[in-house]
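Observations on chain architecture
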Amino acid sequence: MKVVIASGKGGTGKTTVAVNLAWFLANCGRKVQYIDCDVEEPNGNFFISAHFSKRISAFVMLPVVDQQKCTSCGECSAKCRFNAIVRLPGNTMIFPELCHGCGLCLLVCPAKAISEDEREIGIIESGMGWGGISFVHGVLNIGEPMPKPLIRKVKEQGLSDHIQIIDAPPGTSCSFVETISDADLVILVTEPTPFGLHDLKISEEVARARGKSIRVVINKDNGTFRPLEKFLEDRRLKITARLPENRKVAEVYSKGDILLEELPDYREHFSSIAAEVFRQSENLEHSPNGVLP
Amino acid sequence: MKIAITTSGDNLASPMDSRFGRAVRFLVYDTDTKGLLLVDNSQNLNAAQGAGIQAAQTVAEAGANVVITGHCGPKAFRVLKAAGIAVYNCEAATVQEALGLFGEGKLLTASNADVEGHWS
């Protein structure tokens, strides 16, 4: 069971919801794995108190041109979707920072002048955290413009017999799309502000286009922002929990503490979210092809 | 000698385009034949990435020996250098004016990129 916690807008409370949901599920005696896909600024490990026992490098394929064999035909440059190859007479140049490692150039080169090398784009650390929660995250190398291949490799560390709580990166572009690609449930965390609603609309549209089951958690809820309520009604989006606005939540977060330990009043809300996760998990088990309707 | 100038128009009186990678097109002026050639760059105008280096390939394929543009980023500069094309930064208003300044020797060759990538 893969549950992605996402939002679009940064600062809505993705990590707060992800960490506390993981805490709640672990306290229910479930096997939980926390997967932090926010590879550009991972911080879930602080809350889960993760102790890393394994560290591996993540690589992407990098094409290398044998200039002796190259006939400067320009086929690789013309076919590259990422504009990463330039053909000059007698000099085919590859720009690693633009290359996505797809390997198409190797396939189309008629002179077989291109071979594979690899390039490290980041590291993947895994271990154990609070309450027996398995933890894995990716850390993108500084200056590396492509998070997507690393996110894919982080998710490959997912344990199939665990409930995977996947913290998504902010935004609604490639990183988000990659993170939700194989999710069984997408929980969108939003806040009752025009900014929160704006990004909720985009992330909902993307997740819907990907055919995902979507639930909404309203964080910092004060019940006063009508446009959000209207959008949720119009879209018939199911609100799984409303976390009340409370300055103390921010204080707990800023210390890296677990909200549900410090403010037990919030447990009932996470009980609702957990119940939704269990419901989806059961639906998944009972669906003939392992795909949710 | 062929000089490629970035422009948004299609003749010598047209305004210069200060961008290189995402210039609308290149006007290539042949100093030997006095001929003009327009080279389209629209495929790079909306490229998600790599516009500069592809534009550099385009001007190299057009046989240019010199590029006159507003600004040139580091990756495009690497390609132009590898292709043996000299880069001149110029803030002239029109193509004609830029060619005039070049002819009078008033432009200096750039030895490096003058802006970071994605500057515009």
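Some remarks on the domain arrangement of chain A
All names here are of chain A. Along its sequence, chain A is carved into domain 1 (2-58 + 122-286) and domain 2 (61-120). Each of domain 1 and domain 2 has a C-alpha centre, and these two points are 38 Å apart. Taken residue by residue, the interface counts eight residues in domain 1 and five residues in domain 2. Regarding the contact of domain 1 and domain 2, the summed buried area is about 540 Å², with carbon and sulfur atoms giving 43% of it. Ranking the residues of domain 1 by area buried against domain 2 places Asn 141, Glu 144 and Met 146 at the top, with a combined share of 59%. If you look at where domain 1 meets domain 2, you find one salt bridge. Close ionic contact of Arg 119 with Glu 144 constitutes a salt bridge, the shortest N to O distance being 2.7 Å. Connecting domain 1 to domain 2 are three residue pairs in polar contact (both at pLDDT 80 or more). Those elements giving two or more residues to the side of domain 1 that touches domain 2 turn out to be strand 3 (51-65) and strand 6 (114-128).

Comments concerning the interface of chain A and chain B
Residue-level contacts link 14 residues of chain A with 14 residues of chain B. When the area that chain A buries against chain B is broken down by residue, the three leading residues are Asn 83, Leu 88 and Phe 95 of chain A, summing to 41%. Across the salt bridge formed by Arg 78 of chain B and Glu 97 of chain A, the nearest N and O atoms sit 3.8 Å from each other. The tally of links between chain A and chain B comes to eight residue pairs in polar contact (both at pLDDT 80 or more). Listed by contribution, the elements that provide at least two residues to the side of chain A that touches chain B are strand 4 (85-88) and strand 5 (91-94) of chain A.

Let's talk about the state of the cysteines
With the rule as written, the count across this model stands at zero disulfides over all chains. Among the cysteines around Cys 99 of chain A, which has no disulfide bond, Cys 105 of chain A carries the closest sulfur, lying 6.3 Å off. With no disulfide of its own, Cys 72 of chain B lies 14 Å from the sulfur of Cys 90 of chain B, the closest cysteine sulfur. Look at Cys 72 of chain B and you get buried, because its relative accessible area is 1%.

Side note on the packing of helix 7 (residues 194-209) of chain A against helix 8 (residues 226-234) of chain A
Residues and elements named next belong to chain A. The N-to-C vectors of helix 7 and helix 8 enclose an angle of 15°; their axes lie 10 Å apart at closest approach. Comparing the axis directions of helix 7 and helix 8 gives the class roughly parallel. When the axes of helix 7 and helix 8 are compared, the crossing they make is right-handed. Only Pro 227, Leu 228, Phe 231 and Leu 232 of helix 8 make contact with helix 7, whose side of the interface consists of Leu 197, Leu 200, Lys 201 and Glu 204. Tallied by class, residues from the contact of helix 7 with helix 8 come to six nonpolar, no polar and two charged.

As for the side chain of Ser 77 of chain A
Residue and element names in this part refer to chain A. Looking at the element boundaries, Ser 77 is found in helix 3 (residues 75-79). What makes Ser 77 buried here is its relative accessible area of 4%. At 3.0 Å, the side chain of Ser 77 forms a polar contact with the backbone oxygen of Ile 85.

Side note on the packing of helix 2 (residues 51-61) of chain B against helix 3 (residues 74-82) of chain B
Residues and elements named next belong to chain B. Running from N to C, helix 2 and helix 3 cross one another at 25°; their axes reach a closest spacing of 7 Å. Here helix 2 lies roughly parallel to helix 3, going by the angle between them. Classified by chirality, the crossing of helix 3 by helix 2 is right-handed. Of helix 3, the residues touching helix 2 (which contributes Gly 52, Ile 53, Ala 56, Gln 57 and Val 59) are Lys 75, Ala 76, Val 79 and Leu 80. Of the residues that constitute the contact of helix 2 with helix 3, the class distribution is six nonpolar, two polar and one charged.

Considerations on the packing of aromatic side chains
All names here are of chain A. Within this structure, the stated rule accounts for six aromatic pairs over all chains. A connected cluster of aromatic rings, assembled from ring pairs, spans Tyr 34, Phe 52 and Phe 135. Between the NZ or CZ atom of Arg 30 and the centre of the ring of Phe 278, over which it lies, the distance is 4.0 Å.

Examining the pattern of salt bridges
A side chain of one charge can pair with a side chain of the opposite charge if their charged atoms are brought near each other. All names here are of chain A. In the structure shown here, the tally under the stated rule is 24 salt bridges over all chains. Between Arg 215 and Glu 276 there is a salt bridge whose closest N-O contact spans 2.6 Å. Highlighted residues: Arg 215 in strand 10 (residues 214-221) and Glu 276 in helix 11 (residues 267-286), separated in sequence by 61 residues. We note a salt bridge from Glu 229 to Arg 242, for which the minimum N-O separation is 2.8 Å. Note that Glu 229 is positioned in helix 8 and Arg 242 in strand 11 (residues 238-244), a separation of 13 residues in sequence. A single salt-bridge network, built from bridges that share partners, covers Lys 2, Arg 152, Lys 155, Glu 178 and Asp 182.

Quick look at helix 9 (residues 247-254) of chain A
In an α-helix there are 3.6 residues to a turn, and that puts residues three or four apart on one side. Two to three positions downstream of the cap, the backbone nitrogen of Lys 248 of chain A sits 2.9 Å from a side-chain oxygen, assigning the N-cap of helix 9 of chain A to Asn 246 of chain A. Residue Gly 256 of chain A follows helix 9 of chain A closely and has a positive phi angle near 75°.

Rules and cut-offs
- Residues numbered from 1 in each chain as written.
- Chains lettered and ligands numbered in written order.
- Predicted model: local features only at pLDDT ≥ 70, side-chain atom pairs only at ≥ 80, totals over all residues.
- Heavy atoms only, no water.
- Domains from an automatic or database assignment.
- Contact = heavy atoms within 4.5 Å.
- Buried area = accessible area lost by both parts, 1.4 Å probe.
- Salt bridge = Lys/Arg side-chain N within 4 Å of Asp/Glu carboxyl O.
- Polar contact = N/O pair within 3.5 Å; in protein donor to acceptor, adjacent residues only side chain to side chain.
- Helix = DSSP H or I, 4+ residues; strand = E, 2+ residues; numbered from the N terminus.
- Disulfide = S-S within 2.5 Å.
- Buried < 20%, exposed > 50% of the residue type's maximum accessible area, 1.4 Å probe, protein only.
- Axes fitted to C-alpha atoms, helices over the stretch in contact; angles between N-to-C directions.
- Parallel < 35°, antiparallel > 145°, perpendicular 65-115°, else oblique.
- Left-handed = near helix turned anticlockwise from the far one by under 90°.
- Nonpolar A, V, L, I, M, F, W, Y, C, P; charged D, E, K, R; others polar.
- Phe/Tyr/Trp six-rings, centres within 6.5 Å; stacked < 30°, edge-to-face > 60°.
- Lys NZ or Arg CZ within 6 Å of the ring centre and 35° of its normal.

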